[in-house]
Amino acid sequence: MTQGERRIPARRTVLGAAGATVLGASALAAGPGVAQAAESGTAGAAYGHGRGYRSLPVPTVIAHRGASGYRPEHTLGSYQLALDLGAHVIEQDLVPTKDGHLVCRHENDITGTTDVADHPEFASRKTTRSVDGTSYTGWFTEDFTLAELKTLRAKERIPGTRQENTVYDGRWTVPTFEEVLRWAEDEGRRRGREIWLHVETKHPTYFRSLGLGLEERLARLLRRYGRHRANSPVFLQSFEPTSIQRLAKLVDSPGVVLLSGAARRPWDFVQAGDPRTVADLVTPEGLRWIASYAKGIGPTLDLVIPKDASGRLGDPTTLVRDAHAEGLILHPYTHRNENAFLPADFRRGTDPAAYGDSFGALKRYLETGIDGIFSDNPDTALLGAADLTGRD
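Below: a short report on this structure.

About the criteria used
- Residues numbered from 1 in each chain as written.
- Predicted model: local features only at pLDDT ≥ 70, side-chain atom pairs only at ≥ 80, totals over all residues.
- Heavy atoms only, no water.
- Helix = DSSP H or I, 4+ residues; strand = E, 2+ residues; numbered from the N terminus.
- Buried < 20%, exposed > 50% of the residue type's maximum accessible area, 1.4 Å probe, protein only.
- Contact = heavy atoms within 4.5 Å.
- Areas by Shrake-Rupley, 256 points an atom, 1.4 Å probe, with all protein chains shown as cover.
- Polar contact = N/O pair within 3.5 Å; in protein donor to acceptor, adjacent residues only side chain to side chain.
- Arc of directions from axis to C-beta.
- Core = buried A, V, L, I, M, F, W, Y, C linked by side-chain atoms within 4.5 Å.
- Axes fitted to C-alpha atoms, helices over the stretch in contact; angles between N-to-C directions.
- Parallel < 35°, antiparallel > 145°, perpendicular 65-115°, else oblique.
- Left-handed = near helix turned anticlockwise from the far one by under 90°.
- Nonpolar A, V, L, I, M, F, W, Y, C, P; charged D, E, K, R; others polar.
- Salt bridge = Lys/Arg side-chain N within 4 Å of Asp/Glu carboxyl O.

### Structural notes on the overall build of the protein chain
Argument step 1. Scanning the protein chain for helices and strands turns up 17 helices and 11 strands.
Argument step 2. Burial statistics for the protein chain: of 392 residues in total, 57% are counted as buried.
Argument step 3. Counting only contacts in the protein chain whose residues sit at least 6 apart along the sequence, the fraction spanning at least 24 positions is 69%.
Argument step 4. By element, 51% of the accessible surface of the protein chain is carried by carbon and sulfur atoms, the whole surface being about 15600 Å².

And the structure:
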């Protein structure tokens, strides 16, 4: 029996059940009004009358690109498994097609996440593009119509680390965001509760320069499916603050500003000549500015607890305290089980693809008081959150 064969039954039968029951109280949190609306087939209308993001369990477990530790990311299979495992919120990253449809991919470069290289009819589409100042060679969503993109099949992005996920290569197509909204409506009716989404606009300045602005397209879909209100079950996130500011003028859905390394500058700042870095944005003054148009931040975990030169966790920063002082919630990214992604002091053995002390790392991060965490392994994160809160 392989290691992968040991993991799946335990996850589905034990951890999945625990995740659904331990911190799955949100399954009932929407209240009878939502359940009744779901039963009557008007779940979409009920979405706009939910209890808002403050009603979510804390810590909130956000399935990073779905259950991407177990299924190829950004597929309906990955989203469905995440929901079945008990995740409170499911994440989508959005990029456009040539004809303006929003699809779920982590990047517009689909070379590593689809079988496009196996399609000779698209060989001539391979090209080199500069995206946010970095050059990439491959195939890009903006060069495909939706009909063409739908002829491709999704596959595992990091097969060297997640070899077991490759068994699902080719099983699912690239989903449109509208398909995900319909899926969430169907699941909401079936489960009698709101299905929360965490939606990112990818490279919005770049796509606007191509005439493929993301925010207006996203806002239209949110309005169509009743997720445009302040208490709708959706977060809107971006690494570009101006994208969240633009969305705030179009819809009332809560916005989250994503924050990468301290020395980095958001690409919209680079383009506008704004000298501020992420380090400036995580100061009390910067957080106060973010709070003027957003409800939360999504910092890299290193901004919450930095690592030392050896890759071991150090002492927490004041970011959690400072953000909370401005009324902002924190949804840091990304928790993963594999050694390759864990701090050095929580790795076990020398195999980068093997699982390390994921619960130990989770404990350190969750003890800082963060409001939630993005995880490729939502069942693990749910149990780690249950350890923190004492629920079992």
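More follows now that the structure is in view.
### Some details on unusual backbone geometry
Argument step 1. The step from Val58 to Pro59 runs through a cis peptide bond, and the omega angle for that step is 0°.
Argument step 2. Following Tyr333, the chain continues into Thr334 via a peptide bond in cis, with omega recorded as -10°.
Argument step 3. Relative to the assigned elements, Thr334 resides in the loop between strand S10 (329–330) and helix H16 (358–366).
Argument step 4. Phi at His74 is positive, roughly 50°, even though this residue is not glycine.
Argument step 5. Relative to the helices and strands, His74 is located in the loop between strand S1 (60–63) and helix H5 (76–85).
Argument step 6. A positive phi angle, close to 50°, is found at Asp132, a residue other than glycine.
Argument step 7. Among the structural elements, Asp132 can be located in the loop between strand S4 (127–131) and strand S5 (134–138).
Argument step 8. Note on Asp132: relative accessible area 21%, which makes it partly exposed.

### Focus on the side chain of Asp93
Argument step 1. Here Asp93 lies in strand S2 (residues 89–96).
Argument step 2. Of note is the side chain of Asp93, whose polar atom sits 3.1 Å from the side chain of His106.
Argument step 3. The contact partners of Asp93, leaving out residues within four places of it in the chain, are Arg65, His74, Val103, Cys104, Arg105, His106, Glu200 and Lys202.

### Details of H5
Argument step 1. Counted residue by residue, H5 has eight buried out of 10 residues, so it is predominantly covered.
Argument step 2. Of the positions making up H5, those classed as buried are Gly77, Ser78, Tyr79, Gln80, Leu81, Ala82, Leu83 and Leu85.
Argument step 3. Trailing H5 by a residue or two, Gly86 shows a phi angle of about 110°, which is positive.

### As for helix H9 (residues 214–224)
Argument step 1. Among all positions in H9, only Leu214, Glu215, Leu218, Ala219, Leu221 and Leu222 are buried. In a view along the axis of H9, the buried residues occupy a sector of 165°, so they form one face of it.
Argument step 2. Where H9 terminates, the next one or two residues include Gly226, which has phi positive at roughly 70°.

### A word on the nonpolar core
Argument step 1. Of all hydrophobic cores here, the largest spans 77 residues; its most connected members are Ile90, Phe177, Leu197, Leu218 and Ile297.
Argument step 2. When neighbours within four sequence positions are excluded, Phe177 is seen to be in contact with Gln92, Leu94, Leu102, Val103, Cys104, Leu197, Val199, Leu218, Leu221 and Leu222.
Argument step 3. The next biggest cluster of nonpolar side chains, apart from the first, holds 10 residues, and it includes Tyr53, Leu56, Trp196 and Val256.

### Brief notes about the environment of Val131
Argument step 1. As for its placement among the helices and strands, Val131 is situated in strand S4.
Argument step 2. Val131 gets classed as buried once you look at its relative accessible area, which sits at 3%.
Argument step 3. In sequence terms Val131 and Trp267 are 136 residues apart; their C-alpha atoms lie 9.7 Å from each other.
Argument step 4. Contacts of Val131, omitting those with residues within four sequence positions, involve Asn108, Tyr136, His203 and Tyr206.

### Side note on the packing of helix H7 (residues 177–191) against H9
The axes of two packed helices give the description: the angle between them and the distance between them.
Argument step 1. Contact geometry for H7 and H9: axes closest at 11 Å, N-to-C directions at 20°. Looking at the two axes, H7 sits roughly parallel to H9. Here H7 and H9 pass one another in a crossing that is right-handed. Here Phe177, Glu178 and Leu181 of H7 lie close against H9, whose contacting residues are Leu218, Leu221, Leu222 and Arg224.
Argument step 2. Classifying every residue of the contact of H7 with H9 gives five nonpolar, no polar and two charged.

### Some details on the pattern of salt bridges
Argument step 1. Tallying each qualifying case throughout the model produces 28 salt bridges.
Argument step 2. As a salt-bridge pair, Arg129 and Asp143 come within 2.5 Å of each other at their nearest N and O atoms. Residue Arg129 is found in strand S4, and its partner Asp143 is found in the loop between S5 and helix H6 (146–149); the two are separated by 14 residues along the sequence.
Argument step 3. On the basis of relative accessible area, Arg129 is assigned to the partly exposed category, the value being 23%.
Argument step 4. Residue Asp143 is classed as buried on the basis of its relative accessible area, which comes to 16%.
Argument step 5. Salt-bridge contacts for Arg246 lead to Glu216; the nearest nitrogen and oxygen are separated by 4.0 Å. Note that Arg246 is positioned in helix H10 (residues 241–250) and Glu216 in helix H9, a separation of 30 residues in sequence.
Argument step 6. Take Glu216: its relative accessible area is 27%, and that puts it in the partly exposed class.

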